[in-house]
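Coordinate analysis (summary)
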Amino acid sequence: MSSNSEGLRALEEQRLGPVLRRRDQVQPGTTDQRLLDSEGDSQWVHTDPWRVMRIQSEFVEGFGALAELPSAISVFGSARTKPGSPEYETGVRLGRALVDAGFAVITGGGPGAMEAANKGAREAKGISVGLGIELPFEQGINQHVDIGVNFRYFFVRKTMFVKYAQGFVVLPGGLGTLDELFEALTLVQTRKVTRFPIVLFGTAYWSGLVDWLRDTVVAQGKASEHDLLLFHVTDDVEEAVAMVSKETGR
């Protein structure tokens with residue numbers, strides 16, 4: 001299928017939380033965008049209280065769907081990772097190994113590295129979870145997810161990633177992956193969460209970031225040397241699983 005036809009299909013289908021809209025019922029923008037947009041008339045004063053109820057409902061739905069999960073690890077990575085690539089196959093092996101170690105696997109539910117981890121978890125007959133997000137061009141929940149929840153608001157989704165996981169494994173990814181990574185690092189640094197292992201998978205990919213944190217951020221006193229111990233870096237699936245298992249007491 002050509003990129004033009006894929007773009008047309010994306011415009012013809014839109015998921016707003018649990019609601020599906022197609023064709024001329026597609027609405028412009030996203031729920032997050034409308035919440036954060038401060039421009040426009042004063043009508044938002046009258047609608048924000050109702051948004052609070054919608055936000056509350058998303059928390060209730062997420063808590064209800066995930067409350068009975070066993071110990072789980074959230075796996076992050078690029079939605080652009082190609083199926084069949086070495087990175088994709090690493091994600092599959094990681095998902096499978098996490099299940100073998102007794103964990104459920106939580107991802108963002110999309111394609112690429114997320115799909116790979118979900119696939120590995122499903123193939124290992126474990127619990128495969130996908131927490132999706134409403135985006136302008138809907139990606140949808142991948143076929144390897146057993147429990148899927150679609151969110152409108154990023155901050156609700158991010159709460160679920162941390163609340164129902166005992167650690168993060170971060171595969172190579174882009175801005176969304178970095179967002180989740182630094183959210184987790186901040187929570188651990190400020191002791192909002194404890195015993196929360198964070199593993200960066202892929203030395204070649206992450207080494208530039210680690211060097212910058214050490215040689216610029218820490219060197220200029222913007223963070224402490226101890227903060228570099230908040231995460232681990234590895235190229236080995238078994239080592240990554242051992243790291244999260246050890247720090248979670250499994």
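Residues numbered from 1 in each chain as written. Predicted model: local features only at pLDDT ≥ 70, side-chain atom pairs only at ≥ 80, totals over all residues. Heavy atoms only, no water.

Observations concerning the pairing of strand 8 (residues 198-201)
Side chains of strand 8 alternate between two faces, with Ile198 and Leu200 and Val199 and Phe201 buried alike. Inspection of the sheet shows strand 7 (residues 168-170) paired to strand 8 by 3 bridges, in the parallel sense. Bridging across to strand 8, Val169 finds its partner in Val199. Taken together, strand 7, helix 7 (residues 175-189) and strand 8 constitute a β-α-β crossover, and its handedness is right-handed. (Buried < 20%, exposed > 50% of the residue type's maximum accessible area, 1.4 Å probe, protein only. Helix = DSSP H or I, 4+ residues; strand = E, 2+ residues; numbered from the N terminus. Pairing = 2+ DSSP bridges. Right-handed = clockwise from strand over helix to strand, strands pointing away.)

Some words on the nonpolar core
Counting residues in hydrophobic clusters, the biggest one holds 39 residues, and the most contacted among them are Ile106, Leu131, Phe168 and Ile198. For this core, the element with the highest residue contribution is helix 8 (residues 203-218), accounting for 6 residues. Excluding residues that lie within four positions of it along the chain, Ile106 makes contacts with Leu69, Ala72, Ile73, Ser74, Val75, Val129, Leu131, Phe161, Tyr164 and Ala165. (Core = buried A, V, L, I, M, F, W, Y, C linked by side-chain atoms within 4.5 Å. Contact = heavy atoms within 4.5 Å.)

With respect to the packing of helix 7 against helix 8
Contact geometry of helix 7 with helix 8 gives a least axis separation of 14 Å together with a crossing angle of 45 degrees. With respect to each other, helix 7 and helix 8 are oriented oblique. Along this stretch, helix 7 crosses helix 8, giving a crossing that reads as right-handed. Contact residues: helix 7 offers Thr177, Leu178, Leu181 and Phe182, while helix 8 offers Trp206, Leu209 and Leu213. In terms of residue class, the contact of helix 7 with helix 8 is made up of 6 nonpolar, 1 polar and no charged. (Axes fitted to C-alpha atoms, helices over the stretch in contact; angles between N-to-C directions. Parallel < 35°, antiparallel > 145°, perpendicular 65-115°, else oblique. Left-handed = near helix turned anticlockwise from the far one by under 90°. Nonpolar A, V, L, I, M, F, W, Y, C, P; charged D, E, K, R; others polar.)

With respect to the packing of aromatic side chains
Under the criterion given, the structure shown has 7 aromatic pairs. Ring geometry for Phe76 against Phe168: centres 4.7 Å apart, planes inclined by 80 degrees, an arrangement best described as edge-to-face. Linking Phe76 in strand 3 (residues 72-76) with Phe168 in strand 7, this pair joins segments that are 92 residues apart in sequence. The pair Phe76 / Phe168 is uniform in exposure class, with both members buried. Seen in terms of ring centroids, Phe168 and Phe196 are 4.8 Å apart; in terms of plane orientation they differ by 80 degrees. Their pairing is edge-to-face. Of this pair, Phe168 sits in strand 7 while Phe196 sits in the loop between helix 7 and strand 8, and the two are 28 residues apart along the sequence. These aromatic residues form a ring-pair network of at least three members: Phe76, Phe161, Phe168 and Phe196. Just above the ring of Phe63 sits the side chain of Lys163; from NZ or CZ to the centre is 5.6 Å. Above the ring of Tyr164, the side-chain terminus of Lys163 is found at 5.4 Å from the ring centroid. (Phe/Tyr/Trp six-rings, centres within 6.5 Å; stacked < 30°, edge-to-face > 60°. Lys NZ or Arg CZ within 6 Å of the ring centre and 35° of its normal.)

Here we look at unusual backbone geometry
The phi dihedral of Lys125 falls on the positive side, at around 65 degrees, and the residue is not glycine. Position of Lys125 relative to the elements: it lies in the loop between helix 5 (113-123) and strand 5 (128-133). The exposed category is assigned to Lys125, whose relative accessible area is 77%.

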